[in-house]
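Okay, here's what each chain looks like letter by letter:
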Amino acid sequence: MNYDAFFESAVQALQDEKRYRVFAELERMAGRFPTALWHRGSDSREITVWCSNDYLGMGQHPKVIDAMASTAQRMGAGAGGTRNISGTNHPLVQLENELADLHGKEAALIFTSGYVSNEAAISTIAKLLPNCLILSDALNHASMIHGIRSSGVSKQVWRHNDLAHLEELLKAAGRERAKLIVFESVYSMDGDIAPIEKIADLADKYNAFTYIDEVHAVGMYGPRGAGICERDGVMDRIDVIEGTLAKGFGVMGGYITGKKSLVDAVRSYAPGFIFTTALPPGLCAAATASIRHLKESQVERDAHQRQAARTKAVLTAAGLPVMPSETHIVPVLVGNPDLCKKATDILLEKHNIYIQPINYPTVPRGTERLRITPTPFHNDELIVQLATALVDVWQTLGLTFETPTLMDDDMVLRQQIFRAAGG
Ligand SMILES: *Cc1c(COP(=O)(O)O)cnc(C)c1O
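In short, a report on the structure. (Residues numbered from 1 in each chain as written. Predicted model: local features only at pLDDT ≥ 70, side-chain atom pairs only at ≥ 80, totals over all residues. Heavy atoms only, no water.)

1. What to know about empty space enclosed by the protein
Next up, step 1: Inspection of every chain in the model, using the stated rule, returns two cavities of 30 Å³ or more.
Next up, step 2: Size it by volume and the largest cavity reaches roughly 80 Å³.
Next up, step 3: Along its surface, the largest cavity is lined by Arg 83, Leu 92, Ile 110, Phe 111, Thr 112, Phe 273, Thr 276, Thr 277, Ala 278 and Leu 279.
Next up, step 4: The residue makeup of the lining of the largest cavity, split by class, is six nonpolar, three polar and one charged. (1 Å grid on protein atoms, 1.4 Å probe; cavity = no way out; pocket = protein on both sides within 12 Å on 5 of 7 lines; lining within 4 Å. Points joined across faces, edges and corners; volume = space filled by probe spheres on them. Nonpolar A, V, L, I, M, F, W, Y, C, P; charged D, E, K, R; others polar.)

So this is what it looks like as C-alpha cells:
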C-alpha cells in the first residue's frame, strides 16, 4: 500500500478539474482595511481585499480590539478547559446574555464556530425529536448538511425558496410527525433572501419546528443588527436562530438562540458543544463589544448597503455580468473554473486586487463566479478601480460583456472605465 500515492492522486484530480484551491497569504492591517499585505515567499506588497466576510470591518474597530486586548491582559489568553470541566468564563456568559437579548429569545449557547453550531445543534435537535423528518432547503450551507447527515434521521430537500414544494412535503408528512425545517435567511453565494414569514406560516399550519441560519445577516440587517428576521419583524416566529460572530461581528465563534428548554437540551446533549474547549474570554469580550456597538449604531449598516448598491451599479454600467442579488453580496458570473481562477490570478498579479475564485462544490458547476463583498470601507474610488480592473480581465480572457441600458450618468462612467482599462 503506497499511502502517499493516494493522497497525491486525490489532489491531482482536483487539479485536473481546475478546482484545486490556492490561498493568498495575507497580513491584515488594523486601521487600513481593506488594504492588506500579500506575502509570497520573501516578497510582499499591498493589495485591496474584495472578498472579505468581515462585512462591516468590525474586525478592526477600536472598541473591539480594545476589548480583546484588555480582557486578555486581565484574564489571560485561553479559557482553560471545556465548559463541562472548567471553561465557562464570565465574558462568555455575558456574551450569551447579549445574544439572547439581540434575538429576543430566552437563551443563547456559544460554539467554537458557526460551522460547529450548525453541525452540533441540527444533529442534536433532530436526534432528540422522535421519528423526526428534516426538511432542508436545497442551497443550505455545508455545515447544515453535515448536521443533517450526522443526525442520521430521514431528510427531504425542498427546491430552493420554493414554498409550494415545502408545503407539499409538509403535507405528506402530516401534522403529527415531528418535522424540522432548516433554512438560511441570506444565501451567501447568490445573495438572495428566504421568504421567512411564509415559511413560518407553513410551519404553524403543519406544526413544524423551524431553524434558521442568519450567518450572513447578523450585524448587517434589522434596526439592532439581529438580521433579516428582525428586519421583517418575525424573530418570534422562528424557533431557533443561529448565527456567527465571525462575519458581520468581525471576530470568531458561532451560536444558537431559542427557548430555554431547547438551548438547555442542546447544551446537555451535543458532543460538538460538550467535548471542546470554550471560547477564550478576550474573544468573547470582543464579540460583545461588537454586538453592543452594532445594536446602537446604524452608520455601518447604511454605509454597507450604499457601497454594495454602488458596486452593483458601477459593475453593471461596465457591462460585467453581475448576477441578481437582493443583498450586500455581489456575484459576477464567469461560468468556467479555469477562467475563474485565471481571472482572479490576473486581478491579484496585475491589479493588486484579491478576490478568491468560487468554484464547485461551493456553487454548482457552470456557475463559477467572483463573489465580491463591498464593505463600508470600499469607497467610490476603489469601486471604479475594481470595475476598471475587471474590464481589463474580461478583455484579456475574452469573456462576454453584457449591454446594459444606461442613463446618461452611467454612460459617462462606462466610458471612463473603458478608457482607463485601455479598451
Ligand atoms: C460561513 C458560514 C457558516 C459557518 O460560520 P463560521 O463561523 O465561519 O464557522 C455557517 N453558515 C453559513 C451559511 C456560512 O456561510
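From this point, the discussion proceeds with the structure in view.
2. Concerning the sheet that holds strand β3 (residues 43-49)
Next up, step 1: Here four strands make up an open sheet; going across it, the order is β1-β2-β3-β12 and the pairing mixed. Unpaired on one side and paired on the other, β1 (25-28) and β12 (353-354) mark the two borders of the sheet.
Next up, step 2: Where strand β2 (residues 35-40) lies against β3, six bridges are found, and the strand directions are antiparallel. Paired with Thr 35 across the two strands is Thr 48, which belongs to β3. (Pairing = 2+ DSSP bridges. Helix = DSSP H or I, 4+ residues; strand = E, 2+ residues; numbered from the N terminus.)

3. A few points about the pairing of strand β14 (residues 369-372)
Looking along a regular strand, one sees the side chains alternate between the two faces of the sheet.
Next up, step 1: Across the two faces of β14 the burial is the same, with Arg 369 and Arg 371 and Leu 370 and Ile 372 all buried.
Next up, step 2: Of the strand pairs in this sheet, strand β11 (residues 330-333) and β14 are connected by four bridges, and their pairing is antiparallel. Bridging from a neighbouring strand, Leu 333 pairs with Arg 369 of β14. (Buried < 20%, exposed > 50% of the residue type's maximum accessible area, 1.4 Å probe, protein only.)

4. Structural notes on the packing of helix α4 (residues 114-128) against helix α9 (residues 260-269)
Next up, step 1: The geometry of α4 relative to α9 is characterised by a closest axis approach of 10 Å and an angle of 105 degrees between their N-to-C directions. In terms of orientation, α4 lies roughly perpendicular with respect to α9. Here Ala 121, Thr 124, Ile 125 and Leu 128 of α4 lie close against α9, whose contacting residues are Leu 262, Ala 265, Val 266 and Tyr 269.
Next up, step 2: Of the residues belonging to the contact of α4 with α9, the class tally is seven nonpolar, one polar and no charged. (Axes fitted to C-alpha atoms, helices over the stretch in contact; angles between N-to-C directions. Parallel < 35°, antiparallel > 145°, perpendicular 65-115°, else oblique. Contact = heavy atoms within 4.5 Å.)

5. Digging into the site of the ligand
Next up, step 1: Taken together, 13 residues are adjacent to the ligand, and Gly 114, Asp 213, His 216, Thr 244 and Lys 247 come closest.
Next up, step 2: One of the side-chain nitrogen or oxygen atoms of His 216 is found 2.4 Å away from an oxygen atom of the ligand.
Next up, step 3: Lys 247 has a polar side-chain atom sitting 2.9 Å from an oxygen atom of the ligand.
Next up, step 4: Among the elements that make up the shell around the ligand, the one with the highest residue count is α4 (three residues). (Near = heavy atom within 4 Å. Polar contact = N/O pair within 3.5 Å; in protein donor to acceptor, adjacent residues only side chain to side chain.)

6. A word on the packing of aromatic side chains
Next up, step 1: Counted by the stated rule, this structure contains four aromatic pairs.
Next up, step 2: On the basis of an interplanar angle of 70 degrees and a centroid distance of 6.1 Å, the ring pair of Phe 33 and Phe 377 is categorised as edge-to-face. With Phe 33 in the loop between β1 and β2 and Phe 377 in the loop between β14 and α14 (380-397), this residue pair connects regions lying 344 residues apart in the sequence.
Next up, step 3: Relative to Phe 418, the ring of Phe 401 has its centre 5.5 Å away and its plane inclined at 50 degrees; by these criteria the two rings are tilted. In this pair, Phe 401 sits in the loop between α14 and α15 (408-421) while Phe 418 sits in helix α15, placing the two residues 17 residues apart along the sequence. (Phe/Tyr/Trp six-rings, centres within 6.5 Å; stacked < 30°, edge-to-face > 60°.)

7. Remarks on a nonpolar patch on the surface
Next up, step 1: Together, Met 1, Tyr 3, Phe 6 and Phe 7 give the surface a local cluster of nonpolar side chains, amounting to about 580 Å² of exposed area.
Next up, step 2: Tracing the chain through its elements places Met 1 in the segment before α1 (3-16).
Next up, step 3: On the basis of relative accessible area, Met 1 is assigned to the exposed category, the value being 75%. (Patch = residues over 30% accessible without salt bridge, like charges linked within 9 Å, V, L, I, M, F, W, Y side chains within 5 Å. Areas by Shrake-Rupley, 256 points an atom, 1.4 Å probe, with all protein chains shown as cover. Salt bridge = Lys/Arg side-chain N within 4 Å of Asp/Glu carboxyl O.)

8. A closer look at unusual backbone geometry
Next up, step 1: For the bond from Phe 33 to Pro 34, the omega torsion is 10 degrees, close enough to zero to count as cis.
Next up, step 2: Residue Pro 361 is bonded to the preceding Tyr 360 through a cis peptide linkage, with omega at 5 degrees.
Next up, step 3: Notably, Asn 207 is not glycine yet its phi reads approximately 60 degrees, a positive angle.

9. With respect to the side chain of His 378
Next up, step 1: One can find His 378 in the loop between β14 and α14.
Next up, step 2: On the accessibility criterion, His 378 (0% relative accessible area) is buried.
Next up, step 3: Among the polar contacts made by the side chain of His 378, one reaches the main-chain carbonyl oxygen of Val 49 at a distance of 2.7 Å.
Next up, step 4: Residues contacting His 378, with those up to four places away along its chain left out, are Pro 34, Thr 48, Val 49, Trp 50, Gln 307, Thr 373 and Ile 383.

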